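# Commentary on secondary and tertiary structure
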Amino acid sequence: MEQQQNMYRKMLTVAISSILIETGFDTVDKDVLGTLTEMLQCFLCEIGSVSKNYCELSGRIEPVIADVILGFVEMGVDFSGLQQYVKGNKHTVLPPLQPQQ
Amino acid sequence: DDTDSQAQTLGQPLSDFLLQLEDYTPTVPDAVTAHFLHSSGFEPKDPRLLRLISIAAQKFISDIANDALQHCKMRSSNSSSSHSSSRSKGSKDRRYCLTMEDLTPALAEFGITIKKPHYYV
């Protein structure tokens, strides 16, 4: 379990690294990368739990987009620029994981 | 109910946007996002919801990085103006390194305070 957790965190670190390269950085300190990984993990867990709570508050078990939007609002995430962000520039895509033989 | 309909009108452009996510691959892989969402009990059937969250998370980091880059550029241009000889070499081939020094003010603008213990290494 521990090892699996490490694997997912490593993937987050790789994703953050490619975002930073995209932004224009060439190198990054190790403690900064650790901090950003922690923040990204926290962001994902938080939006998950907040959205789940909104979903269950409305008596549903299947989350819909409205729950996620309310989650964004509660977390103070500005989602108006998302569409522009996706269209704006090409983003790096990590290579798919190869199944271990 | 009231909150639901309010969210729907608020999210109208976002639901249109959701339709475009059908064949978009965010930098944060779907499986990774799904794992952390599952760990907090959120299990969407629709993979587009997953992608929307991935993109929001990606933008969150990207915005912080952009801010930190501005700080980094500002700081390095300030320090290089004091050594005028190195400035003439041009800022074109300058390499940018993201350090705590730049990240801390960038995060402060987002209302996030980070306090790392400073160890003696």
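Now for a description of the structure that goes with this document. As the structure is a computational prediction, the values presented were derived from the model and not from experiment. (Residues numbered from 1 in each chain as written. Chains lettered and ligands numbered in written order. Predicted model: local features only at pLDDT ≥ 70, side-chain atom pairs only at ≥ 80, totals over all residues. Heavy atoms only, no water.)

## Notes on the overall build of chain A
On a plain count of helices and strands, chain A comes out with four helices and one strand. Going from N to C terminus, chain A has its helices and strands arranged as α-β-α-α-α. On C-alpha atoms alone, chain A measures out to a radius of gyration of 16 Å, which is more than a quarter above the 13 Å that the 2.2 N^0.38 rule sets for 101 residues. With the principal axes as the frame, chain A shows a C-alpha extent of 45 × 35 × 30 Å. The burial tally for chain A puts 41% of its 101 residues in the buried class. For chain A, restricting intrachain contacts to residue pairs at least 6 apart in sequence, the fraction spanning at least 24 positions comes to 50%. As displayed, chain A has an accessible area near 5900 Å², and 55% of this comes from carbon and sulfur atoms. (Helix = DSSP H or I, 4+ residues; strand = E, 2+ residues; numbered from the N terminus. Rg over C-alpha atoms; globule rule 2.2 N^0.38 Å. Buried < 20%, exposed > 50% of the residue type's maximum accessible area, 1.4 Å probe, protein only. Contact = heavy atoms within 4.5 Å. Areas by Shrake-Rupley, 256 points an atom, 1.4 Å probe, with all protein chains shown as cover.)

## Section: the packing of aromatic side chains
Counted by the stated rule, this structure contains three aromatic pairs over all chains. With 6.3 Å between their ring centres and 70° between their planes, Y8 of chain A and F36 of chain B make a pair best called edge-to-face. Highlighted residues: Y8 of chain A in helix α1 (residues 2-23) and F36 of chain B in helix α3 (residues 30-39), drawn from two different chains. Its relative accessible area of 0% is what places F36 of chain B among the buried residues. Ring centres 6.0 Å apart and planes at 35° place the aromatic pair F72 of chain A and F79 of chain A in the tilted group. Like F79 of chain A, F72 of chain A is buried. (Phe/Tyr/Trp six-rings, centres within 6.5 Å; stacked < 30°, edge-to-face > 60°.)

## A word on the layout of surface pockets
As a volume, the largest pocket reaches approximately 410 Å³. Along its surface, the largest pocket is lined by 16 residues, and F43, M75 and V77 of chain A together with F60 and I112 of chain B are the ones closest to its centre. Those elements that place two or more of their residues in the lining of the largest pocket are α2 (30-57) of chain A together with α4 (47-82) of chain B. With five residues, α2 of chain A is the single largest residue contributor to the lining of the largest pocket. Among the residues making up the lining of the largest pocket, the classes are represented as 10 nonpolar, one polar and five charged. Volume-wise, the second largest pocket comes out at about 170 Å³. With three residues, α3 of chain B is the single largest residue contributor to the lining of the second largest pocket. Residue composition of the lining of the second largest pocket, by class: 11 nonpolar, two polar and two charged. (1 Å grid on protein atoms, 1.4 Å probe; cavity = no way out; pocket = protein on both sides within 12 Å on 5 of 7 lines; lining within 4 Å. Points joined across faces, edges and corners; volume = space filled by probe spheres on them. Nonpolar A, V, L, I, M, F, W, Y, C, P; charged D, E, K, R; others polar.)

## Structural notes on the interface of chain A and chain B
Facing the 57 residues of chain A at the interface are 59 residues of chain B. Regarding the contact of chain A and chain B, the summed buried area is about 5200 Å², with carbon and sulfur atoms giving 76% of it. By the criterion of area lost to chain B, the three top residues of chain A are Y8, F25 and I65 of chain A, representing 12% of everything that side buries. At the junction of chain A with chain B, the criterion picks out one salt bridge. Among the salt bridges present, the one from E62 of chain A reaches K45 of chain B, with a minimum N-O distance of 3.4 Å. The tally of links from chain A across to chain B stands at seven residue pairs in polar contact (both at pLDDT 80 or more). Per-element tally for the side of chain A that touches chain B: the top contributor is α2 of chain A, with 15 residues. Among the residues forming the side of chain A that touches chain B, the class breakdown is 32 nonpolar, 15 polar and 10 charged. As defined by bridge partners, strand β1 (residues 27-28) of chain A adjoins strand β1 (residues 97-98) of chain B across two bridges and the pair is classed as parallel. Note on β1 of chain B: the bridge partner recorded for T27 of chain A is C97 of chain B. (Buried area = accessible area lost by both parts, 1.4 Å probe. Salt bridge = Lys/Arg side-chain N within 4 Å of Asp/Glu carboxyl O. Polar contact = N/O pair within 3.5 Å; in protein donor to acceptor, adjacent residues only side chain to side chain. Pairing = 2+ DSSP bridges.)

## Details of the environment of T25 of chain B
Mapped onto the elements, T25 of chain B comes out in the loop between α2 (12-20) and α3. Looking at T25 of chain B, the relative accessible area reads 45%, which means it is partly exposed.

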